[in-house]
Amino acid sequence: MSTQAIPGVRGRTYSELTQRYLDAFAAQDELTVQQLRDHVYPEISETIFGGKTLSRPLFLERDEVAQLADDMETIYRLVTGLPDRLFGGDLGAFAAAIGVTPAQVQAVLRGRGNGPSRMARFDSYRDAQGFRVMELNMSSALGGVETARLNRSLLGLPFIEKFAAENNLGYADIMAEMIEIMMVECHLPRDKRPVVAFCDFPASWVTLEEVVRKNVPVFERAGVDPIPCHIGELRLEDDAVWHGDRKIDAIYRLFVMEDLLASDGPALIEPVLRAAERGNVALFTPMDAELYSSKGALALLSDEVNRHLFSPEELATLDRFIPWTRMVRRGPVTVGGQSVLLEDYAIGNREELI
């Protein structure tokens, strides 16, 4: 993708597509700006973004999207394959190696899925060499699933609708994709409306409840019977999970592994784990999903001592897409082929590291 500098803005470059959008927007009259205020901003305020977004759409060229998709698929395959490649299939050993506490390991093993979930989001950034991944998030508690709502709102403006059509632009409906992944991975019935509890822990539910309830119509249109709630509202009966008089088919897990470290965490999740173990409720995403989100997992992929486990093609993707990453522990690490003490290297390069 070629770039060009914008005259008068030192050091800033935009893609040709973005420049065309900025030029087209600059030529609009006050009516377009007023439409943004009256139509788009109120819609944004109804989402988890709370009215805070970029001031314009973000564009990627088709070849960029294709390369990102290939790289992300490779990293997803490699990171979810780490328990097998490094630990002989022992998920608990993998969890311990990336710093998960023993209590969390037990919850992960009891609430694990039949395989790694496909519900994932890469947080990427671009440097001079291209896109790199800052972290991989695997969880149902992901932000960004409402982006399609923002896009549809923007396309309601004649100016943006015309620009998108002229430049053959599109977007993915993340909410629809998420619901489909849940239906497949939880083996939910297609011939009736499954009852799904969109469930958080009580402490964080205070702030999240309003946002979840605003999305209830979206879930209903997708064929789901949603129950927004916190985990303390659920009860175990006959090894099944209930909310009031409704039996839960699946729990859309808004809580995360860190919630299990709270003093009441183990007691709150115990009924859910017991039902999940017996196959009487599905967890989306399963408890093991967040293991692959750990930057410790990316450190295992980045570490030179594991390079012999990967093919030349896989190594090329790792080198291009994952920045140098290590667990923060005292001791030797390899940097540029040389062994150094991590604490010395981190202090000496503190302005270049995160």
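Every value quoted in this text rests on a predicted model; they were computed, and no experiment measured them.

Engineer: Explain the overall build of the chain to me, please; I cannot follow it from the model alone.
Structural biologist: Across its full length, the chain holds 15 helices and 13 strands. Whereas a compact globule of 354 residues would reach a radius of gyration of roughly 20 Å, the chain reaches 23 Å, a difference of no more than 12%. Per-residue burial for the chain yields a buried fraction of 42% across its 354 residues. Long-range pairs, those at least 24 residues apart, make up 67% of the contacts in the chain with a sequence separation of at least 6. Roughly 18,900 Å² of accessible area belongs to the chain as shown, and the carbon and sulfur atoms make up 52% of that amount. For the chain, the distance from the average site of its 37 positive side-chain charges to the average site of its 53 negative ones is 1 Å.

Engineer: Looking at this structure, I do not really get the sheet that holds strand E6 (residues 225–230). What am I missing?
Structural biologist: Each strand in a sheet pairs with another by means of backbone hydrogen bonds, the pair being arranged parallel or else antiparallel. Here we have four strands laid out as an open sheet, ordered E6-E5-E10-E11, and parallel in their pairing. Of all the strands in the sheet, the pair left with one neighbour each is E6 and strand E11 (282–284). Shown here is a sheet whose adjacent strand axes are inclined to one another by a mean of 25 degrees, direction ignored. The pairing of strand E5 (residues 195–200) with E6 spans six bridges and is parallel. Along E6, the bridge assignment pairs Phe198 with Pro228.

Engineer: How should the packing of helix H1 (residues 16–26) against helix H8 (residues 158–166) be read in this particular structure?
Structural biologist: Packed helix pairs are characterised by how far apart their axes lie and by the angle those axes make with each other. Where H1 meets H8, the axes come as close as 11 Å, and the angle between the chain directions of the two elements is 150 degrees. By the angle between their directions, the pair H1 and H8 is classed as roughly antiparallel. Between H1 and H8 lies a crossing of right-handed hand. Two secondary-structure elements touch here, H1 through Leu17, Arg20, Tyr21, Ala24 and Phe25 and H8 through Phe159, Ile160 and Phe163. Tallied by class, the residues present in the contact of H1 with H8 amount to seven nonpolar, no polar and one charged.

Engineer: Honestly, the pattern of salt bridges in this entry has me stumped. Any pointers?
Structural biologist: A side chain of one charge can pair with a side chain of the opposite charge when the charged atoms of the two come close. For the coordinates displayed, the defined rule picks out 24 salt bridges. Between Arg110 and Glu270 there is a salt bridge; the shortest N-O distance is 2.8 Å. Taken together, the residues span a long stretch of sequence, with Arg110 in helix H6 (residues 102–110) and Glu270 in helix H12 (residues 265–277) at a distance of 160 residues. By relative accessible area, which is 25% here, Glu270 ends up partly exposed. One network of salt bridges, in which partners are shared, links Arg110, Glu270, Arg274 and Glu277.

Engineer: I would appreciate a short explanation of the sheet that holds strand E7 (residues 235–237) in the present structure.
Structural biologist: With antiparallel pairing, the three strands of this open sheet are ordered in space as E7-E8-E9. Edge positions in the sheet fall to E7 and strand E9 (246–247), since each has one partner strand and no second. Pairing of strand E8 (residues 240–243) with E9 involves two bridges; the strand directions are antiparallel. Bridging from a neighbouring strand, Trp242 pairs with Lys247 of E9. Each of E7 and E8 touches H12; the most contacted strand, E8, lies at about 130 degrees to it.

Engineer: Please explain unusual backbone geometry as it appears in this structure.
Structural biologist: The bulk of non-glycine residues show a negative phi, and the bulk of peptide bonds are trans. A cis amide bond links Phe284 to the next residue, Thr285, at an omega of -5 degrees. Along the chain, Thr285 turns up in the loop between E11 and helix H13 (295–302). In this structure, Asp238 takes a positive phi of about 55 degrees despite not being glycine. Following the sequence through the fold, Asp238 ends up in the loop between E7 and E8. Its identity is not glycine, yet Asp239 carries a phi of approximately 60 degrees, on the positive side. With respect to the helices and strands, the residue Asp239 is situated in the loop between E7 and E8.

Definitions and limits used
- Residues numbered from 1 in each chain as written.
- Predicted model: local features only at pLDDT ≥ 70, side-chain atom pairs only at ≥ 80, totals over all residues.
- Heavy atoms only, no water.
- Helix = DSSP H or I, 4+ residues; strand = E, 2+ residues; numbered from the N terminus.
- Rg over C-alpha atoms; globule rule 2.2 N^0.38 Å.
- Buried < 20%, exposed > 50% of the residue type's maximum accessible area, 1.4 Å probe, protein only.
- Contact = heavy atoms within 4.5 Å.
- Areas by Shrake-Rupley, 256 points an atom, 1.4 Å probe, with all protein chains shown as cover.
- Lys, Arg positive; Asp, Glu negative; His and termini not counted.
- Charge placed at Lys NZ, Arg CZ, Asp CG, Glu CD.
- Pairing = 2+ DSSP bridges.
- Axes fitted to C-alpha atoms, helices over the stretch in contact; angles between N-to-C directions.
- Parallel < 35°, antiparallel > 145°, perpendicular 65-115°, else oblique.
- Left-handed = near helix turned anticlockwise from the far one by under 90°.
- Nonpolar A, V, L, I, M, F, W, Y, C, P; charged D, E, K, R; others polar.
- Salt bridge = Lys/Arg side-chain N within 4 Å of Asp/Glu carboxyl O.

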